[in-house]
Every structure is written in C-alpha cells, then in structure tokens.
Amino acid sequence: MTHEKSIAPNSGDLILMVGTVKGLFIFHTDRVRRDFSINGPSFKGMEVFSAAYLPDRKSPRMLVGNKSQHWGSTVSWSDDFGATWHEPAEGNVKFPASSGLSLNSIWALEPAPLLGPEVVFAGADPAALFRSDDRGETFHPNDALLNHAERPYWMPGFGELCLHTVMPHPRDPKRIMIGISSAGTYRTDDGGETWTRRNDGVRMDTDGPPNAPHFRPQCAHKMRYDAKNPARIYLQNHPGYYRSDDGGDSWIDIRNNLPSEFGFPLVAHPSRADTAYVIPLTADDFRVPIEGAARVWRTRDAGDSWTPLGKGLPDHDAYFSVLRDAFICDTLDPVGLYFGTRGGTLFASNDEGESWRSIADWLPAVLCVKAAVVARE
C-alpha cells in the first residue's frame, strides 16, 4: 500500500476516515476500490471516536471527534483532506456550567442536509445532543434533551452513558431519532423541542434503576433508516435485532435465523430497500465472531431471513470485536462495505459483501469508519 503525505482526490474517488485509539488514518482509492493508499496518522496518540464528511463541492470538510488524555475532547476540522487540521484551543463542545456535567468524548458526528449545509449534530458522553450551525466549528446543547425528565433514570453501559447515534430524518427536517446507551431510542417531531422514548416492543433483560424500578432502559447499539422507506428503521439492540415500520413507535423482533442476539454495528444499504447488514458476535460476555469465524450477515427482505457472507474473511481463529461505528458502506455501484476491528484490521468489500479482503492489518484498535465519495467541481 502506498503512503500519501497528502491526499488530492479526484471527483468520484472514495475516502475512508478510520478513527482509532491512537489517531486518525485516511484511506484513498478510485471508484474501482482495488488499490488503496494511506495517510496518517493525524492526532497521534489521541482517541478518535467519530468522524464526518461535509460534501460541499467547492470546500468539502472533514470533521473528527478527537480526545486527548491531557486536554479532553473536541471537534477538529480539515478543509484540505487532512493536510492541516484546525483544533480549537479550548474545545468547542461544552456543557453549561449549571448542568454539573463535563464532556468525556464525542461519539457521533452527523450532518443534517435538510436543515442546511452548515448544520452538524454531535452526540456526546455523558449523553447529550449538540448542534453546530457553522460546519462543526462551534456547538450548543439541545436543552430539552439535556434536561429531560427521564435523564435521572438513564444508566451508563459498558461504554459509559453515551449518545452514539443521531439520525436526522431524510424527508422531515423536524424529526430526529437518537440512540443512547443505556436509555434507548428517543425521537423528536418538533425540531428538538421535545423528546419521547420509543422502545415499545424492545426486550430488556435487566431491571430499572433503583430510583425508578418502573423505568425500563434499553441499550440501543445502532440504528439505520431503510433506503427507500424512512418509516422503516433497523435496530441492533443489546440484546436482539429489531425493525420498526412506523418510525420507531413500535418494534418487532427480526433475529430469525441469525446465529446470536448480540452485536454492535448495523449498516443499511444506501439505495436498495429492505437490505441491511449486521456482524453477530458470540455473546455479551464473549464479544468475538461465533466459533472464531468472521461473518457479515445480510438481509434482503427487511429481516425476515439472513444470509452469511464470508468469502475472504477468516474462517477460524478470529477473536476480535467490531464496534458500533466501525462498519460502514459507501454510495458507489456496486456498494462497498468496510469494517475495522479491535485488533486493527480493516476489511473491505467492493461487491456488496459477496467477497472481502484486508486492506490494512496492523492499525491500532479501530473505533470508527466513515466513507465518502468525493464530488468536486
């Protein structure tokens, strides 16, 4: 693999932003996706929990949520494909002093195209939603969620109390779905003025917190909208796999023939209805591929049935985890799929999961992977 000191992609090229526990790596390839080059690491020694790409044709921007053990977490940005980075000296994601909270990490960065090209949301730990109206340079908290009446009942999961998924609706600018571990899925229908928990039908095996035994928190791991029908949402939960056909009001179990009920990431096909991908792991207490054989499972009927895809993936002795944001797809045809492991391997498929290969073997543990097709004038 070629190491690039700087990246100058052509229109139609693909970039992968790979956040790890020791920095950010950027991979670059053309639309064939056979030969990749690598740039980085940027933010050496820092954890990069999240990344996003703002696809302005004149001035595209990369965003990352990076965390220094000395200086804390911030959103940094680059307008030249990672050649230089702007790092706010005092941090640009902050809780109000009156909240008594302090930022741990930034788990999600999500553009909101219907709200404008300048708008980006950030999901934080401890669980909160922040909004930027200047392409990620400054952020302010959503007060309604920060002061939600159910907040005292939210319970930290293994990864702390994190808001890890932000899904602006693709047709309704006032609707947003979010996922919080461990609280569940919440939705606003009024642009963030109010938020309602939407967990009906989702199983939870543990009791509510001591201060509210009636409250049934859910540990949502990842959600995605269906490509053609945004009322249809897929959910990888802890435990289980679910689908909603009414925008999150209710959920049905779609595990069916999947080999386990545990996993982290979930990817929906960007253009084909009823198609999604998951990576089942053995169990909560053994978070590795089942019997050491790495497999991606695909549904083409909205979860009624699942097919394992493993050509090119390890058939044995694969004992790694794949985190919730470390699996992503591109928007090319055929669609490419990419996932990074806690063991530092980055796998890629350029044929919608039919075959796989490793494009990097010795990265630090991978926290997130984001893909973007470059459109330039």
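The structure under discussion appears in the preceding block.
Residues numbered from 1 in each chain as written. Predicted model: local features only at pLDDT ≥ 70, side-chain atom pairs only at ≥ 80, totals over all residues. Heavy atoms only, no water.

Enquirer: So what's going on with the environment of L163? Which residues, and what values?
Expert: Assignment of secondary structure puts L163 in strand β12 (residues 162-168). In this structure L163 comes out as buried when scored by relative accessible area, which is 0%. On a C-alpha basis, the gap between L163 and L129 in space is 7.2 Å, while along the polypeptide they are 34 residues apart. Leaving out residues up to four positions away in the same chain, L163 has contacts with W107, A108, G123, A124, A127, A128, L129, L145, I178, G179 and I180. (Helix = DSSP H or I, 4+ residues; strand = E, 2+ residues; numbered from the N terminus. Buried < 20%, exposed > 50% of the residue type's maximum accessible area, 1.4 Å probe, protein only. Contact = heavy atoms within 4.5 Å.)

Enquirer: Could you give me a rundown of the sheet that holds strand β6 (residues 61-68), with the residues and numbers involved?
Expert: Here three strands make up an open sheet; going across it, the order is β5-β6-β7 and the pairing antiparallel. The sheet terminates laterally at β5 (47-54) and β7 (72-78), the two strands that pair on one side only. Taken over all neighbouring pairs, the strand axes of this sheet differ in orientation by 15 degrees on average, direction set aside. Pairing analysis gives seven bridges linking β6 to β7, with the strands arranged antiparallel. Paired with M62 across the two strands is S78, which belongs to β7. (Pairing = 2+ DSSP bridges. Axes fitted to C-alpha atoms, helices over the stretch in contact; angles between N-to-C directions.)

Enquirer: Tell me what's going on with the sheet that holds strand β14 (residues 184-188), and back it up with residues and numbers.
Expert: The strand order across the open sheet built from four strands is β12-β13-β14-β15, with neighbouring strands paired in antiparallel fashion. The open sheet is flanked by β12 and β15 (196-197), the only strands paired with a single partner. The pairing of β14 with β15 spans two bridges and is classified as antiparallel. Bridged to R187 within β15 is T196.

Enquirer: Any chance you could break down unusual backbone geometry for me, citing the residues and the numbers?
Expert: Of note, the bond from G40 into P41 is cis; its omega dihedral lies within 30 degrees of zero at 10 degrees. Along the chain, P41 turns up in strand β4 (residues 37-42). In this structure, the amide linkage connecting D333 to the following residue, P334, adopts the cis form with an omega of 0 degrees. In this fold, P334 is placed in the loop between β24 (327-329) and β25 (337-340). In the Ramachandran plot, N256 falls in the positive-phi region, its phi being about 45 degrees despite a non-glycine side chain. By the secondary structure assignment, N256 is in the loop between β19 (252-253) and β20 (262-268). Unusually for a residue other than glycine, E352 sits at a positive phi of about 65 degrees. Within the element layout of this structure, E352 appears in the loop between β26 (346-349) and β27 (357-360). Judged by relative accessible area, which is 8%, E352 ranks as buried.

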